[in-house]
Amino acid sequence: MKFINLTRRTEIGANSYYLEIGRHGLVLDCGMHPKNAGEEALPNFKLIADREIEAILISHAHQDHIGTLPVVMRRFPSARVFMTEATAEVGSVLLHNSVNVMTRQREEIGEASYPLFTHRETDRASERWRWCPVRQRISIAGERAPRRERNALMFEFFDAGHVLGSTGILLRAEGKTVFYTGDVNFDDQTIMEAAILPEEKIDVLIMECTRGDHAKPVDWTRAGEERRLAEALGAAFERGACVLIPVFALGKTQEMLAMLHKFRRQRLLPEFPIYIGGLSSKFTDIYDRRAHMTRRQLPRLQLMREVAPFILNDETVRDAPLRGGRGYVLSSGMMIPRTLSNVFARRLIENQQHSVFFVGYANPESPAGLLRNTGSGGEVALDPDKPAQRIRCNIEQFQFSAHATREALIDYAKKLSPGKIVLVHGDPPAVEWMRATLSAELPGSEVIVPTPGVEMEL
């Protein structure tokens, strides 16, 4: 069994992993880096250019896990591609949007290689995706696998509780098991229910580490955090503020819309206008359509109809009035330059009346991370092409991450007690905390931080 971390650095970037089990070559996820451009935005596919890839398994449809799928399918045309039906529906929308973004960036940043793929190629690629239900053993040939079969390579998707369609992936071959968590959450969110992952014997655990450098506050509860957010929104609206909440278009937008709907129903807040972006509205439509088909909370809630958000685009976000009593739930969550959240933030951060509320993960080097960590009174350049601005707005931080706490990840690893644990999907401090803690608490397990680009024998 061999493993190569195709992500170019130890980070949350263009996540992708090569796994060789016996004679089978697989790729787990194939993301696009949210901050880099051109070849640097891709996983390091050159490392496996001369290998035969039999299958590509996609855990979920966030950009950093599915964003280069048409590229890897072009390079390995005979590979079968597997994901859940919900991931396929969301992934198609995301990849078409990515073509539009790259086409625009070709002019804006002069990246001649963009777009890396076209709308037509995306459509052709998506016709070859194979949808798989969760909790069903599938052979690598794409057929339902009999349970008594021991030697053939099989995989099984497990609900990861992260976003719509997200899964962990269990691989079985020759009596050995490998489990890749993907992005996982062991706690209920407002819509998504907690992950249900395998608890059988696992030989190799490939585990995400997103929140490895953040201890869970001792007194934190989701109910308490929701109450704190409702009170902060109420106080902001009372002083005539509008509030920007930077979010990921997939997952966090829908969770926040459901939470704000709950606040209104519970009379914690009055009715107030809510604004989202166009891509977010497309994903929200999919959440609504699949409400009764997926394992979720609030299955009857139709977000687009009952929350009725207004929709902004690249033009209207520049003219939307900075009026008090309005909530702007805008992507991207990292506030990448030229996204709606970035453009809107540059309009309000110098105004002490208004607020930015952070509700989840932000890379410390992203504009969102820089704004959050600099805080009121400091200066920040949210767009490298624009001058730095003085931060005068109110900034608050809330914890509604769609990723498992580091404590829950450690507990899960201890429950499985696998022979080897491979740590991925985390910034260096997060990965190092996880490595040190697991090494101390599971002396019988070998804990590995895979050096990007280096083939390892598992």
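Use the structure listed above.
Residues numbered from 1 in each chain as written. Predicted model: local features only at pLDDT ≥ 70, side-chain atom pairs only at ≥ 80, totals over all residues. Heavy atoms only, no water.

1. Some thoughts on the overall build of the protein
Counting its regular elements, the protein contains 13 helices and 22 strands. Rg of the C-alpha trace for the protein: 22 Å, near the compact-globule value of 23 Å for 458 residues, within the 12% margin. Each principal axis of the C-alpha distribution contributes one length, and for the protein these read about 65 × 50 × 40 Å. Counting all 458 residues of the protein, 59% fall into the buried class. Excluding contacts between residues fewer than 6 apart, the proportion of contacts in the protein whose partners are at least 24 apart in sequence is 72%. For the protein, the exposed area adds up to about 18,500 Å²; of that, 48% sits on carbon and sulfur atoms. When the 58 basic and 58 acidic side-chain charges of the protein are each reduced to a single mean position, those positions are 3 Å apart. (Helix = DSSP H or I, 4+ residues; strand = E, 2+ residues; numbered from the N terminus. Rg over C-alpha atoms; globule rule 2.2 N^0.38 Å. Buried < 20%, exposed > 50% of the residue type's maximum accessible area, 1.4 Å probe, protein only. Contact = heavy atoms within 4.5 Å. Areas by Shrake-Rupley, 256 points an atom, 1.4 Å probe, with all protein chains shown as cover. Lys, Arg positive; Asp, Glu negative; His and termini not counted. Charge placed at Lys NZ, Arg CZ, Asp CG, Glu CD.)

2. Some remarks on the sheet that holds strand β1 (residues 2-5)
In spatial order, the strands read β6-β5-β4-β3-β2-β1-β22; together these seven strands make up an open sheet with mixed pairing. Each end of this open sheet is capped by a strand with a single partner; those strands are β6 (129-131) and β22 (456-457). Alignment of strand β2 (residues 16-21) against strand β3 (residues 24-30), held across six bridges, turns out to be antiparallel. Across the sheet, the residue bridging to Ser-16 is Cys-30, located in β3. Across the face of the sheet, helix α3 (residues 85-108) comes into contact with β5 (80-83) and β6 while running at roughly 145° to β6. (Pairing = 2+ DSSP bridges. Axes fitted to C-alpha atoms, helices over the stretch in contact; angles between N-to-C directions.)

3. Remarks on the packing of aromatic side chains
Within the structure shown, the criterion is met by twelve aromatic pairs. Among the aromatic residues, those joined into a ring-pair cluster are Phe-158, Phe-179, Phe-186 and Tyr-412. Note that Arg-264 overlies the ring of Phe-272, its terminal NZ or CZ placed 5.3 Å from the centroid. For Arg-406, the ring lying beneath its charged end belongs to Trp-433, and the centroid distance is 3.7 Å. (Phe/Tyr/Trp six-rings, centres within 6.5 Å; stacked < 30°, edge-to-face > 60°. Lys NZ or Arg CZ within 6 Å of the ring centre and 35° of its normal.)

4. Things to note about empty space enclosed by the protein
Scanning all chains against the criterion turns up three cavities of 30 Å³ or more. The space that makes up the largest cavity amounts to roughly 120 Å³. Looking at the largest cavity, the residues that line it are Asn-185, Asp-187, Asp-188, Arg-211, Lys-216, Pro-217, Trp-220, Arg-222, Gln-399, Phe-400, Ser-401 and Thr-405. In terms of residue class, the lining of the largest cavity is built from three nonpolar, four polar and five charged. (1 Å grid on protein atoms, 1.4 Å probe; cavity = no way out; pocket = protein on both sides within 12 Å on 5 of 7 lines; lining within 4 Å. Points joined across faces, edges and corners; volume = space filled by probe spheres on them. Nonpolar A, V, L, I, M, F, W, Y, C, P; charged D, E, K, R; others polar.)

5. Quick word on the layout of surface pockets
Rolling a probe over the atoms, with the probe sized like a water molecule, indicates the empty space that remains. By volume, the second largest pocket is sized at about 440 Å³. Every residue lining the second largest pocket is counted, 24 residues in all, and those nearest its centre are Thr-84, Val-134, Gly-165, Met-293 and Thr-294. If you list the elements that add at least two residues to the lining of the second largest pocket, you get α3 and β8 (154-159). A per-class count over the lining of the second largest pocket returns 13 nonpolar, five polar and six charged.

6. Quick notes on the pattern of salt bridges
Across all of its chains, the model carries 35 salt bridges by this definition. The closest approach of N and O atoms between Asp-383 and Lys-386, which form a salt bridge, is 4.0 Å. The exposure class of Asp-383 is buried, given its relative accessible area of 1%. By relative accessible area, Lys-386 is classed as partly exposed at 39%. In this structure, Glu-407 engages Arg-406 in a salt bridge whose closest nitrogen and oxygen atoms are separated by 3.7 Å. On the basis of relative accessibility, which here comes to 11%, the residue Arg-406 falls in the buried class. Among the charged side chains, a salt-bridge network with shared partners connects Arg-8, Arg-9, Glu-11, Glu-39 and Glu-40. (Salt bridge = Lys/Arg side-chain N within 4 Å of Asp/Glu carboxyl O.)

Shape is all these values report; function is a separate question.
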